[in-house]
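Fold and geometry: a report
Below are the chains, spelled out letter by letter.
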Amino acid sequence: MFVLLSHIITEDTPSYMNSGKLTIIPVKQIKKGDSSNTFIFSMYNHLGTHIDCPKHFIEEGKSICDINLNNLIFEKVNIIEIKKGRGELFKRKELEIFDEIFKKSDFVIFKTNFQEYRIKEPNTYMFEGPGFSSEAAEYLANYDLKAIGFDFISLSSPLYREEGRKAHKILLSKGILIVEDMDLSNLPKNIKRLFVIPIYIKGLDSTPCTVFAEV
């Protein structure tokens, strides 16, 4: 059995500080007499559930097309639940108690419940989300994690952008991928494997992805 852990992208999908949207333009339409339906779409590459790769903050770092699909299938997935409010940063001290979880994980999911703002208060979700402090990122970089993911819009809180930039660089320089804006509303307690399936587009640093769990 599989559970979807990524959001369906729509023209109303929120983005980091309202950076970009999805636009869809019909090319052919059956209802207008054409033989098929086809579309042109354009979108911000950090829209919806997406994966940050090293090149996002490190010019010489790996882009999405440099990441082998085998490295995007995770078999040691664990969940940490810490509720976060507007602009609240993860700090090293609150992560230290989960040392044993980090030691045995290749992917850690952080569930904060901030996702509840995504629909009811999208501006709060886009402009006042939580994030990670640089000290928290430095702590996570000590472990053999392949990736982390969470249910808010970015590792970088819009209210503490410089701190977020530092946190991104710390994790990405270690090769720890970052899956942002996950849908954790149906998060299972136990995950056998986690799949992060990107759109491979040459020239992009990062890309939207479909995330699903095998339970």
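To be clear, the structure that these remarks concern was listed above.
Not measured: the values here are computed from a predicted model. (Residues numbered from 1 in each chain as written. Predicted model: local features only at pLDDT ≥ 70, side-chain atom pairs only at ≥ 80, totals over all residues. Heavy atoms only, no water.)

1. What to know about the overall build of the chain
We count it as follows: Numbering goes from the N terminus for both helices and strands, where a helix is a DSSP run of H or I of at least four residues and a strand is a run of E of at least two. Radius of gyration here is computed from C-alpha atoms only, and the compact-globule reference equals 2.2 Å multiplied by the residue count raised to the power 0.38. Only protein chains enter the accessibility calculation, which uses a 1.4 Å probe; a residue whose area is less than 20% of its type maximum is buried, one above 50% is exposed, and one in between is partly exposed. Two residues form a contact once any of their heavy atoms are found within 4.5 Å. In this tally, Asp and Glu contribute negative charge and Lys and Arg positive charge; neither His nor the terminal groups of the chain are included. Charge coordinates come from a single atom per side chain, which is NZ of Lys, CZ of Arg, CG of Asp or CD of Glu.
Each helix and strand counted, the chain has six helices and 13 strands in total. Compactness check: the chain gives a C-alpha radius of gyration of 17 Å against a globular reference of 17 Å for 215 residues, within 12% of the reference. The dimensions of the chain, computed from C-alpha atoms along their principal axes, are 60 × 35 × 35 Å. Put simply, the chain has 215 residues, and 51% of those count as buried. Within the chain, residue pairs in contact and separated by at least 24 positions form 74% of the contacts whose partners lie at least 6 positions apart. Seen as two clouds, the 28 positive and the 29 negative side-chain charges of the chain have centres 2 Å apart.

2. Some points on the packing of aromatic side chains
Any two aromatic rings considered together are summarised by their centre-to-centre distance and by the angle between their planes. We apply this condition: We call Phe, Tyr and Trp rings a pair once their centres come within 6.5 Å, taking the six-membered ring for Trp, and we label the pair stacked below 30 degrees between planes, edge-to-face above 60, and tilted otherwise.
Enumeration according to the criterion identifies 17 aromatic pairs in this entry. When the ring of Phe 74 is compared with that of Phe 107, the centres are 4.9 Å apart and the planes differ by 65 degrees; the resulting orientation is edge-to-face. In this pair, Phe 74 is assigned in strand 5 (residues 73-74) and Phe 107 in strand 8 (residues 107-111), connecting sequence segments 33 residues apart. Owing to a relative accessible area of 0%, Phe 107 belongs among the buried residues under this scheme. Pairing Phe 102 with Phe 110 gives two aromatic rings, centres 6.4 Å apart and planes at 40 degrees, and the pair type is tilted.

3. Concerning the layout of surface pockets
Rolled over the atoms, a probe with the dimensions of a water molecule shows which regions are left empty. Quick reminder of the rule: In this analysis, the protein atoms alone were mapped onto a 1 Å grid. Cavities are point sets where a 1.4 Å probe fits without being able to get out; pockets are open sets with protein on both sides within 12 Å along at least five of seven lines; lining residues have an atom within 4 Å of a point. Grid points are joined across faces, edges and corners, and a volume is the space filled by probe spheres set on the points. By the convention adopted, Pro, Cys, Tyr, Trp, Phe, Met, Ile, Leu, Val and Ala count as nonpolar, Lys, Arg, Asp and Glu as charged, and the other residues, Gly among them, as polar.
Considered as a void within the structure, the largest pocket measures approximately 200 Å³ in volume. When grouped by side-chain class, the residues that make up the lining of the largest pocket number four nonpolar, seven polar and four charged.

4. Side note on the environment of Glu 121
Selection criterion: Two N or O atoms form a polar contact when they lie within 3.5 Å of each other; inside protein one atom must be a possible hydrogen donor and the other a possible acceptor, and for residues adjacent in sequence the pair counts only when both atoms belong to side chains.
Relative to the helices and strands, Glu 121 resides in the loop between helix 3 (117-120) and helix 4 (122-127). There is a polar contact of 2.9 Å between the side chain of Glu 121 and the side chain of Thr 124.

5. Here's the deal with the pattern of salt bridges
Stated precisely, the cut-off is as follows: Counted as salt bridges are all cases of a side-chain nitrogen of Lys or Arg within 4 Å of a carboxyl oxygen of Asp or Glu.
Inspection of the entire model under this criterion finds eleven salt bridges. Here Glu 59 makes a salt bridge to Lys 55, at a shortest N to O gap of 3.3 Å. Owing to a relative accessible area of 28%, Lys 55 belongs among the partly exposed residues under this scheme. Through salt bridges with shared partners, a single ionic network connects Arg 86, Glu 121 and Glu 128.

6. Digging into the nonpolar core
Condition: We define a nonpolar core as any set of buried Ala, Val, Leu, Ile, Met, Phe, Trp, Tyr and Cys residues linked to one another through side-chain atoms lying within 4.5 Å.
Of all hydrophobic cores here, the largest spans 33 residues; its most connected members are Leu 95, Phe 102, Phe 110, Phe 132, Leu 140 and Ile 148. Contributions of two or more residues to this core are made by strand 8, helix 4, helix 5 (134-140), strand 10 (147-150) and helix 6 (161-173). Aside from chain neighbours lying at most four places away, what touches Phe 102 is Ile 80, Leu 95, Val 108, Phe 110, Tyr 139, Leu 140, Tyr 143 and Leu 145. By size, the runner-up hydrophobic cluster in this structure holds 23 residues, among which are Ile 67, Val 77, Leu 184 and Cys 209.

7. Looking at a nonpolar patch on the surface
Put simply, the test is: Only residues whose relative accessible area exceeds 30% and that form no salt bridge enter a patch; like-charged residues are grouped when within 9 Å of one another, and nonpolar side chains (Val, Leu, Ile, Met, Phe, Trp, Tyr) when within 5 Å. In this description, accessible areas are obtained by the Shrake-Rupley approach with a 1.4 Å probe, and a residue is regarded as covered only by the protein chains that are shown.
Taken together, the side chains of Ile 24, Phe 39 and Phe 41 make up a nonpolar region of the molecular surface, amounting to roughly 320 Å² of accessible area. Mapping Phe 39 onto the fold places it in strand 3 (residues 38-43).

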